[in-house]
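Each chain is listed here by its residues.
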Amino acid sequence: MKLSRLAEVTGSAIENGSPDLEITGAAGLDLAGEGDITFLANPKYTPQIAATRASAIFLGEGVAIDRKDIAVLRARDAYLAYTLALREFHPEQPVEAGIHPTAVIHKTAKVAESSRIDANVVIGHNCVIEERAHIHPNVTVYDGARVGENSVLHSGVSVRENCEVGRNCIIHNNSTIGSDGFGYAKDAEKRWVKIPQIGRVVLEDDVEIGANTAIDRASVGETRIKRGAKIDNLVQVGHSCTVDEDALICSQTGLAGSSVIGKRVILAGQVGIAGHLKVGDDAVLTAKSATSHDVEPGKVVSGIPGFDNREWLRSTAAFRRLGEIAQRLRAIEKKLGLK
Amino acid sequence: MKLSRLAEVTGSAIENGSPDLEITGAAGLDLAGEGDITFLANPKYTPQIAATRASAIFLGEGVAIDRKDIAVLRARDAYLAYTLALREFHPEQPVEAGIHPTAVIHKTAKVAESSRIDANVVIGHNCVIEERAHIHPNVTVYDGARVGENSVLHSGVSVRENCEVGRNCIIHNNSTIGSDGFGYAKDAEKRWVKIPQIGRVVLEDDVEIGANTAIDRASVGETRIKRGAKIDNLVQVGHSCTVDEDALICSQTGLAGSSVIGKRVILAGQVGIAGHLKVGDDAVLTAKSATSHDVEPGKVVSGIPGFDNREWLRSTAAFRRLGEIAQRLRAIEKKLGLK
Amino acid sequence: MKLSRLAEVTGSAIENGSPDLEITGAAGLDLAGEGDITFLANPKYTPQIAATRASAIFLGEGVAIDRKDIAVLRARDAYLAYTLALREFHPEQPVEAGIHPTAVIHKTAKVAESSRIDANVVIGHNCVIEERAHIHPNVTVYDGARVGENSVLHSGVSVRENCEVGRNCIIHNNSTIGSDGFGYAKDAEKRWVKIPQIGRVVLEDDVEIGANTAIDRASVGETRIKRGAKIDNLVQVGHSCTVDEDALICSQTGLAGSSVIGKRVILAGQVGIAGHLKVGDDAVLTAKSATSHDVEPGKVVSGIPGFDNREWLRSTAAFRRLGEIAQRLRAIEKKLGLK
């Protein structure tokens with residue numbers, strides 16, 4: 001692909017280099033080779049510029065490099081431009097339609113002709129599989145479930161009864177959509193009585209779910225993952241939660257039941273969200289933090305339990321010296337005759 | 001169902017409303033509609049009483065509401081009564097017996113005629129599947145394993161060699177029962193030598209296991225989950241652990257090897273339990289806490305490492321101001337000429 | 001097996017007991033019965049010596065016991081000797097070669113005649129399954145993937161496109177090798193644009209992966225788990241990570257993207273490693289700790305964020321009294337007229 005075409009599809013401008021330069025791939029600074037375009041988004045990686053073998057680079061506004069032998073594409077957002085380039089070099093392959101003869105599809109299910117159903121897939125009563133959906137091998141779709149247009153279910157996925165997967169969704173391997181919520185009442189003998197879990201899970205359009213993630217159905221009503229939300233591997237979403245549009249939930253994070261995660265919220269890795277609370281739009285919880293209270297929109301929260309990130313940084317800095325702090329306190333008390 | 005019948009099956013008493021009132025479903029305060037019965041168990045939700053559209057409500061002893069247009073059923077435990085009502089409205093469906101022609105069942109396996117074996121299930125040598133058990137699609141039962149009466153294995157579950165699932169158990173999708181414990185010895189070249197894992201896992205009766213959970217077999221002997229214990233999604237149970245009766249283990253909690261979790265213990269989400277220790281009956285570990293020591297019966301423990309919950313609450317309150325505390329200490333030292 | 005033979009295969013010396021004593025099994029102190037050999041490696045278990053029913057015991061250098069009725073094998077490392085004994089009593093069974101008629105294998109795949117492919121396995125285009133590999137039921141191997149000699153894939157495993165599993169590897173049930181990395185760029189409307197994940201995962205020889213673990217493919221390049229590394233259940237390995245030889249990663253630990261875990265590193269349970277950093281050879285992170293910075297070789301790190309383990313122990317000891325420390329500080333300030 002010529003540099004000029006790459007500039008066009010990524011919304012960037014040629015600042016150095018010939019418009020006719022042939023670019024054949026995209027990769028990070030360390031992996032890029034001759035013919036590749038790379039990018040610099042994080043100043044931390046500036047030293048790698050000297051050694052990169054890339055032929056071209058995306059740079060954000062105001063960023064300069066001291067190599068003249070590399071073509072420069074100036075972009076508003078170098079990382080986004082690189083992403084668009086990589087997508088251009090690796091376009092999604094169209095799905096080859098067809099139903100494998102070993103697939104077991106109930107006669108009441110409606111499966112679009114343009115969809116692809118792979119070997120050993122099992123699809124239950126009254127399911128709907130829409131246009132160009134791709135169901136990989138060994139997937140189970142329970143009765144009454146629906147998979148939207150262009151969505152991909154990877155091998156080992158289970159979609160439980162009556163759950164709904166929107167359009168353009170991707171669900172990675174061995175994830176579970178719609179397992180029972182974890183709800184019990186205690187009886188007079190202190191034994192657990194299971195609360196029926198008769199609700200469902202709805203994934204709206206453009207949702208991506210990682211591998212080995214579990215999203216529980218509601219007891220009554222819905223667990224809902226809204227348009228554009230992205231959920232990583234090994235995440236737990238408890239029953240009746242709502243994850244709002246474009247939220248990003250990193251690996252091994254867990255949401256207890258009935259919580260609401262706002263728009264564009266970022267929950268970093270291994271975060272914990274207690275039940276029945278609200279994390280406001282654009283809030284961020286840093287890795288390994290937890291909250292048992294509502295979080296205000298836009299807030300950055302850290303710690304267990306979580307509080308303001310900047311105060312947490314101060315507290316953790318002092319925590320490293322806490323043994324010494326306790327000692328100094330004793331010294332003062334001794335001097336003052338307090339102990 | 002008439003209100004009078006509902007009172008009977010839930011062990012509650014009509015305090016307001018006609019015994020002949022028709023109740024058609026049960027739901028929480030926010031989701032309940034006309035004809036539904038709801039409940040109030042947590043005073044936090046009292047404000048929702050004003051807006052609920054429910055026709056009837058379960059109230060615990062001594063709880064009053066200021067609406068006269070809602071029928072009231074007085075219960076010892078409103079949450080339990082609601083649970084029993086929901087179970088009445090949504091009784092478990094009897095399993096339709098039968099073996100799907102694509103199931104692969106070894107000729108030495110004994111499969112009860114009243115059980116249901118779905119498509120693409122694989123059952124090994126000498127397995128036993130008891131009366132009315134339901135094995136969903138794409139499940140694998142390894143050689144010598146046993147599944148008890150009325151138990152349900154959801155799609156994607158693996159039950160490994162010689163493991164045993166009791167009666168009335170439910171195992172949700174993609175969980176693993178009986179994977180090898182994580183045990184290695186170091187050789188002279190500092191390489192890991194695998195310790196054979198030849199024990200098994202036993203789930204006793206009435207156990208429920210969530211989705212994508214892993215329960216390891218013992219190296220020698222058993223990992224045992226006792227009667228009535230409930231384990232959520234994405235939980236790790238290490239080799240040779242014992243989880244005692246009616247224990248409740250929430251999502252993403254992990255037990256290292258050989259620990260014993262007492263009766264009715266509650267381990268909240270993302271808790272960690274080190275190896276070779278004992279958590280006494282009725283103890284509680286709050287979310288994200290961890291212990292590397294035994295926990296006394298009845299104790300509530302928080303933190304990493306965990307200690308008494310009330311002290312932990314005091315410590316975490318002070319931790320938020322720890323940067324400031326360090327500053328105040330410096331000010332005192334300065335005043336006293338100590339630094 | 002005679003005691004003399006057991007001494008030979010475990011590299012230990014008979015110190016007490018007849019060389020002709022028949023030993024029939026191996027087990028821990030508590031589970032061992034007559035005819036078994038046991039071991040004492042951790043002094044904590046010395047009291048169990050009095051009660052054990054074992055007929056023989058492995059003891060390390062300089063360890064004495066006060067029972068004369070038990071044969072003693074003196075070993076450099078009692079735990080390793082016990083492991084070798086257990087392996088001798090429970091040798092791996094040779095795989096019975098064969099392809100189950102329900103397996104779906106693409107005609108372009110190369111499957112060694114000595115391998116075993118179980119029921120309902122699906123193997124894609126151009127895959128290679130080497131000598132004596134054992135693919136358990138309901139496994140999916142995507143196009144272009146390779147499984148090395150003697151490796152075992154347990155039921156429910158997915159190996160994604162172009163990934164490589166080395167020789168003598170074991171992958172436990174429902175694990176995912178090669179799911180997409182979690183990478184998105186934000187567009188001008190603050191929506192997430194998926195970054196193509198076109199790299200792969202390589203597991204080198206002698207790697208063991210637990211159950212329900214997810215290892216993401218690289219966006220470009222490789223995620224690599226090197227020779228002899230052992231990874232437990234429910235672990236997350238992010239895209240482009242490298243886990244070096246003989247590293248040990250315990251359950252529920254998560255690695256964000258592009259981190260490098262050194263040789264023989266031990267990451268205990270529920271540890272978190274941020275992205276783009278390096279944990280030096282032989283370092284240890286204790287359970288539930290996390291690091292967002294590089295860790296020096298050989299260092300033992302604890303806490304969130306992690307720092308030197310001994311200092312952390314001091315800090316956590318003081319943390320338990322932090323409420324009281326704050327109170328004492330107020331008392332001093334009062335005495336000094338500072339507040």
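Predicted model only: the values in this text are computed from it and were never measured.

Residue and element names in this part refer to chain B. Counted residue by residue, strand β3 (residues 36-40) has five buried out of five residues, so it is predominantly covered. Judged by which residues are buried, β3 turns out to be covered on both faces: D36, T38 and L40 on one side and I37 and F39 on the other are all buried. Note: strand β2 (residues 25-26) against β3, two bridges, orientation parallel. Among the inter-strand pairings, G25 is bridged to a residue of β3, identified as D36.

Viewed as axis vectors pointing N to C, helix α4 (residues 322-335) of chain A and helix α3 (residues 309-319) of chain C meet at an angle of 55 degrees, and their least axial separation amounts to 7 Å. Considered as vectors, α4 of chain A and α3 of chain C are oriented oblique to each other. Within the contact between the two elements, α4 of chain A uses L322, G323, E324, A326 and Q327 of chain A and α3 of chain C uses R314, S315, A318 and F319 of chain C. Of the residues in the contact of α4 of chain A with α3 of chain C, the class split is four nonpolar, three polar and two charged.

Turning to the environment of I215 of chain A, a few remarks are in order. Residue and element names in this part refer to chain A. With respect to the helices, strands and loops of the structure, I215 is situated in strand β24 (residues 214-216). For the pair I215 and H172, spaced 43 residues apart in sequence, the C-alpha to C-alpha distance is 13 Å. In contact with I215, other than residues within four places in its own chain, are T176, I177, G178, S179, V201, L203, I209, T223, I225, I231 and V237.

What helix α3 (residues 309-319) of chain B keeps buried is the set N309, W312, S315, T316, A318 and F319 of chain B. N-capping of α3 of chain B is provided by D308 of chain B, with a side-chain oxygen placed 3.1 Å from the backbone N of R310 of chain B.

On to the interface of chain C and chain A, then. Listed per partner, the contact involves 70 residues of chain C and 67 residues of chain A. Summed over both partners, the interface of chain C with chain A buries about 5,200 Å², with 60% contributed by carbon and sulfur atoms. Our enumeration of links across chain C and chain A arrives at two salt bridges. Between E208 of chain A and K194 of chain C there is a salt bridge whose closest N-O contact spans 2.8 Å. Across the contact surface, chain C and chain A share 34 residue pairs in polar contact (both at pLDDT 80 or more). When contributions to the side of chain C that touches chain A are tallied by element, the ones reaching two or more residues are β19 (176-179), β20 (184-186), β21 (192-194), β24 (214-216), α3 and α4 (322-335) of chain C. In terms of residue count, α3 of chain C provides more of the side of chain C that touches chain A than any other element does, seven residues in total. Each residue belonging to the side of chain C that touches chain A can be placed in one class, and the counts come to 31 nonpolar, 25 polar and 14 charged.

On to the relation of the copies chain C and chain B. Superposing chain C onto chain B takes a rotation of 120 degrees combined with a translation of 0.0 Å along the rotation axis, leaving an RMSD of 0.0 Å. Here the symmetry operator amounts to a three-fold rotation axis.

Let us now look at helix α1 (residues 3-10) of chain A. All names here are of chain A. Turning to α1, its buried residues are L3, L6, A7 and T10. For α1, the angular spread of buried residues about the axis comes to 100 degrees, placing them on one side. Residues of α1 that are buried in the fold lie against β1 (13-16), β3 (36-40), β4 (56-59), β5 (71-74) and α2 (78-89).

This next bit is on the pairing of strand β25 (residues 222-225) of chain A. Residues and elements named next belong to chain A. Here β25 shows a buried face lined by T223 and I225 and an unburied face lined by E222 and R224. Both β25 and strand β28 (residues 242-243) contribute to a ladder of two bridges, which runs parallel. Among the inter-strand pairings, R224 is bridged to a residue of β28, identified as T242.

A separate point is the packing of aromatic side chains. For the structure on display, the rule yields 18 aromatic pairs over all chains. With 6.1 Å between their ring centres and 80 degrees between their planes, F319 of chain A and F307 of chain C make a pair best called edge-to-face. Note that F319 of chain A is positioned in helix α3 (residues 309-319) and F307 of chain C in strand β38 (residues 307-308), a pairing that runs across two chains. F307 of chain C shares its class with F319 of chain A; the two are buried.

With 67 residues of chain C in contact, the opposing surface of chain B contributes 70 residues. For the pairing of chain C and chain B, the buried interface totals around 5,200 Å² over both sides, and the portion due to carbon and sulfur atoms is 60%. Put simply, chain C and chain B have two salt bridges between them. Counting across the chain C and chain B interface gives 35 residue pairs in polar contact (both at pLDDT 80 or more). A total of nine residues in the side of chain C that touches chain B trace back to one element, the largest contributor, which is α4 of chain C.

Procedures and definitions
Residues numbered from 1 in each chain as written. Chains lettered and ligands numbered in written order. Predicted model: local features only at pLDDT ≥ 70, side-chain atom pairs only at ≥ 80, totals over all residues. Heavy atoms only, no water. Buried < 20%, exposed > 50% of the residue type's maximum accessible area, 1.4 Å probe, protein only. Helix = DSSP H or I, 4+ residues; strand = E, 2+ residues; numbered from the N terminus. Pairing = 2+ DSSP bridges. Axes fitted to C-alpha atoms, helices over the stretch in contact; angles between N-to-C directions. Parallel < 35°, antiparallel > 145°, perpendicular 65-115°, else oblique. Contact = heavy atoms within 4.5 Å. Nonpolar A, V, L, I, M, F, W, Y, C, P; charged D, E, K, R; others polar. Polar contact = N/O pair within 3.5 Å; in protein donor to acceptor, adjacent residues only side chain to side chain. Buried area = accessible area lost by both parts, 1.4 Å probe. Salt bridge = Lys/Arg side-chain N within 4 Å of Asp/Glu carboxyl O. Least-squares fit on C-alpha atoms with pLDDT ≥ 70 in both. Arc of directions from axis to C-beta. Phe/Tyr/Trp six-rings, centres within 6.5 Å; stacked < 30°, edge-to-face > 60°.

Coordinates in, geometry out; function isn't part of it.
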